[in-house]
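One-letter residues, chain by chain:
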Amino acid sequence: SQQGEEDPQALSIQEGENATMNCSYKTSINNLQWYRQNSGRGLVHLILIRSNEREKHSGRLRVTLDTSKKSSSLLITASRAADTASYFCATDEGAGGTSYGKLTFGQGTILTVHP
Amino acid sequence: EAQVTQNPRYLITVTGKKLTVTCSQNMNHEYMSWYRQDPGLGLRQIYYSMNVEVTDKGDVPEGYKVSRKEKRNFPLILESPSPNQTSLYFCASSLRGRGTGELFFGEGSRLTVL
């Protein structure tokens, strides 16, 4: 069964705008990760946030995690046409800092940034 | 260059003809995993391995086999492929034995079963 579910399924914005994608999950996690995929290519890791962290930044990316609501969000600021891709959250199921060894992906958000 | 290499990248085969998709990583990673990606279903985990000789089923293991005899290789075997196994397959690896860290993905293998 799918652990993470992204929202929205598709997002279309203009260059320079911010893009926010959300992810909800069902079980306890050790960490949550975000990945990017250009059409038909392999996924590329963007950022990892641990279950005891609430917010993390990396360049133009900001990730938040709310374990009480079992949700995370990915914010891309000042988007560029090159950010056009699919974005996936992935949950590393586990608890208490221990991973069960199973990383489960959501269905992804398709982001289109218009020049 | 650190990478995960899958072969073949593209394959068209017929129902029942056994095939193997190879996966090799050169990063000395302990954790390796196979996923399939289908439209509207995202990525679903087929099998994963936390170390040599240790493999576990993911969410959709039916119709697939794996082996992990060496640390660097994790082949995916389809003993008797069927059309519902037509998909885009990804191999991935991670440094940490329990898969807690960043996954490195191969470029994918697009399989069509007629």
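Rules and cut-offs
Residues numbered from 1 in each chain as written. Chains lettered and ligands numbered in written order. Predicted model: local features only at pLDDT ≥ 70, side-chain atom pairs only at ≥ 80, totals over all residues. Heavy atoms only, no water. Disulfide = S-S within 2.5 Å. Helix = DSSP H or I, 4+ residues; strand = E, 2+ residues; numbered from the N terminus. Buried < 20%, exposed > 50% of the residue type's maximum accessible area, 1.4 Å probe, protein only. Salt bridge = Lys/Arg side-chain N within 4 Å of Asp/Glu carboxyl O.

## Points about the state of the cysteines
Two cysteines joined by a covalent bond between their sulfur atoms form a disulfide. As enumerated under the stated definition, the model contains two disulfides over all chains in all. Through a disulfide, C23 of chain A is tied to C89 of chain A; the S-S separation comes to 2.0 Å. Looking down the S-S bond of the C23 of chain A and C89 of chain A bridge, the torsion is 65°, so its handedness is right-handed. Within this pair, whereas C23 of chain A is found in strand β3 (residues 19–24), its partner C89 of chain A is found in strand β9 (residues 85–95), the two being separated by 66 residues in sequence. Since its relative accessible area comes to 0%, C89 of chain A is described here as buried. Paired through a disulfide, C23 of chain B and C91 of chain B show a sulfur-sulfur distance of 1.9 Å. Disulfide C23 of chain B to C91 of chain B: torsion about the S-S bond roughly -75°, handedness left-handed.

## Structural notes on the pattern of salt bridges
Applying the stated criterion across every chain, the model contains eight salt bridges over all chains. With its nearest N and O atoms 2.9 Å apart, the salt bridge here joins R60 of chain A to D83 of chain A. Here the residue R60 of chain A occupies a position in the loop between β6 (55–58) and β7 (61–66), and D83 of chain A occupies one in the loop between β8 (71–76) and β9, the gap between them amounting to 23 residues. Here R60 of chain A falls in the partly exposed class, since its relative accessible area comes to 22%. Connected through salt bridges with shared partners, the residues K18, K65 and E79 of chain B form a single ionic network.

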